[in-house]
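Architecture at a glance
Take a look at the letters that make up each chain.
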Amino acid sequence: MEDWKGLPVTAEDLALINGLAKAELTAEQVYAFTLRLCDNEVDRDFERFGEEALEQLGKLMVGKSGIFDHQWSAQGQTARIYKTEVVREPAVRTEAGDGYCWLKGWAYLLRTEKNGDLIAEIEGGIKKEVSVGCSAGRSICSICGAENGECAHVRGQVYDGGVCFMELGDVRDAYEWSFVAVPAQRAAGVLKRFGQDQEGARILRKEAELGRKYLKELRREVVRLAMLADDGLDGGVFSKAAERLEEPELLELRRAYEARAAKRFPAPVQLRRRDAGKTEDAEAFLV
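Presented here is a report on the structure given in the accompanying data block. (Residues numbered from 1 in each chain as written. Predicted model: local features only at pLDDT ≥ 70, side-chain atom pairs only at ≥ 80, totals over all residues. Heavy atoms only, no water.)

Attention now goes to the overall build of the chain. On a plain count of helices and strands, the chain comes out with six helices and 12 strands. Relative to its 287 residues, the chain shows a buried fraction of 36%. Once local pairs closer than 6 in sequence are excluded, the contacts in the chain between residues at least 24 apart make up 70%. (Helix = DSSP H or I, 4+ residues; strand = E, 2+ residues; numbered from the N terminus. Buried < 20%, exposed > 50% of the residue type's maximum accessible area, 1.4 Å probe, protein only. Contact = heavy atoms within 4.5 Å.)

And the structure:
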């Protein structure tokens, strides 16, 4: 167990941990690590937490147990959150267009023989992805602002170029956090030490942002070429359809519409006369 160092446990950390423990623990008895519990990005279920909801959730998560796969069993209790913080990265934009922020948690477990394998799996990156269990009092439609399902918009569907998602608010309770195989939130998981976690995540989010911009421009180009190639095409309808397509389909459509547009509007070719070098006449180039 001495090989698995974990995070340095400061006097402040130890005081917070002992506030949750029944027996007085020493720094040598605990293994501490950090997690990205959740963020304000749209997740796989087309839901997201608002910034205020993350603040609410952070307060409620302190003291909550870490388990496995959201199975509520005392046998599965492995660790406990002792501190949280909402980290803001305003330079990074979410899919919804606002500044990115995420809930960071500090957790601890005991350095026992029983927990040795789990600590090794955390250190080795095997136990990494996490998910939170909580309840929210509000669910707001991103398209029309209606609350708690009082509209006909469907999560994941595209309306006027925007994907419908639900923003969760008024977080009322936090139950637990779990190690899972596939979290609803793509970025949620155990963080690496020495600051590598933030830099790596920042790079990944930047790449994702560039990817979204690339797909947006690619869709625009496909729509433009389609309109050139077919006068009878409804641009609005085709644009909405293009929002559902990914890169392989878009590239294939671009290739097809480029060929059709080129046939309709062949590019003019300039031919240089053989005697162009012998004259200063403007007709040295013929179209």
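Text resumes after the structure shown.
This next bit is on the pairing of strand β3 (residues 65–68). Summarising the sheet, β3 and strand β4 (residues 79–93) pair through two bridges and their orientation is antiparallel. By the bridge assignment, glycine 66 is partnered in β4 with alanine 79. As judged from the three bridges shared by β3 and strand β9 (residues 166–179), these two strands associate in the parallel manner. Counted as the bridge partner of isoleucine 67 is serine 178 from β9. (Pairing = 2+ DSSP bridges.)

Another point: the pattern of salt bridges. Taken as a whole and assessed by the stated rule, the structure comprises 14 salt bridges. Notably, a salt bridge pairs glutamate 147 with arginine 138, separated by 2.7 Å at the nearest N-O pair. Looking at glutamate 147, the relative accessible area reads 29%, which means it is partly exposed. According to the relative accessible area criterion, arginine 138 is partly exposed, its value standing at 35%. In this structure, arginine 172 and aspartate 170 form a salt bridge, with 3.0 Å as the shortest nitrogen-oxygen distance. One salt-bridge network, in which partners are shared between bridges, spans Arg48, Asp98 and Glu167. (Salt bridge = Lys/Arg side-chain N within 4 Å of Asp/Glu carboxyl O.)

Next up on the list: the environment of glutamate 41. Along the chain, the position of glutamate 41 falls in the loop between β1 (30–39) and β2 (47–49). On a C-alpha basis, the gap between glutamate 41 and glutamate 95 in space is 6.6 Å, while along the polypeptide they are 54 residues apart. When sequence neighbours within four positions are dropped, the list of residues in contact with glutamate 41 reads Glu47, Arg48, Arg93, Thr94, Glu95, Ala96, Tyr100, Gln185 and Arg212. Separated by 2.9 Å, the side chain of glutamate 41 and the backbone nitrogen of glutamate 95 make a polar contact. (Polar contact = N/O pair within 3.5 Å; in protein donor to acceptor, adjacent residues only side chain to side chain.)

Approximately 350 Å³ is the volume attributed to the second largest pocket. Every residue lining the second largest pocket is counted, 16 residues in all, and those nearest its centre are Gln77, Thr78, Ala79, Leu110 and Asn115. If you list the elements that add at least two residues to the lining of the second largest pocket, you get β3, β4 and β5 (99–110). The greatest single-element share of the lining of the second largest pocket, amounting to three residues, is contributed by β5. (1 Å grid on protein atoms, 1.4 Å probe; cavity = no way out; pocket = protein on both sides within 12 Å on 5 of 7 lines; lining within 4 Å. Points joined across faces, edges and corners; volume = space filled by probe spheres on them.)

Considering all chains together, one arrives at six aromatic pairs under this definition. Arranged with centres 6.4 Å apart and planes meeting at 70°, the rings of phenylalanine 33 and tryptophan 177 form a pair that is edge-to-face. Separated by 144 residues along the polypeptide, phenylalanine 33 in strand β1 and tryptophan 177 in strand β9 bring together distant segments of the chain. Here the aromatic residues Tyr31, Phe33, Phe68, Trp177 and Phe179 are joined through ring pairs into a cluster of three or more. Looking at arginine 36, its charged tip hangs above the ring of tryptophan 102, at a distance of 3.8 Å from the centre. Lying over the aromatic face of tryptophan 106, lysine 83 brings its terminal NZ or CZ to 4.4 Å of the ring centre. (Phe/Tyr/Trp six-rings, centres within 6.5 Å; stacked < 30°, edge-to-face > 60°. Lys NZ or Arg CZ within 6 Å of the ring centre and 35° of its normal.)

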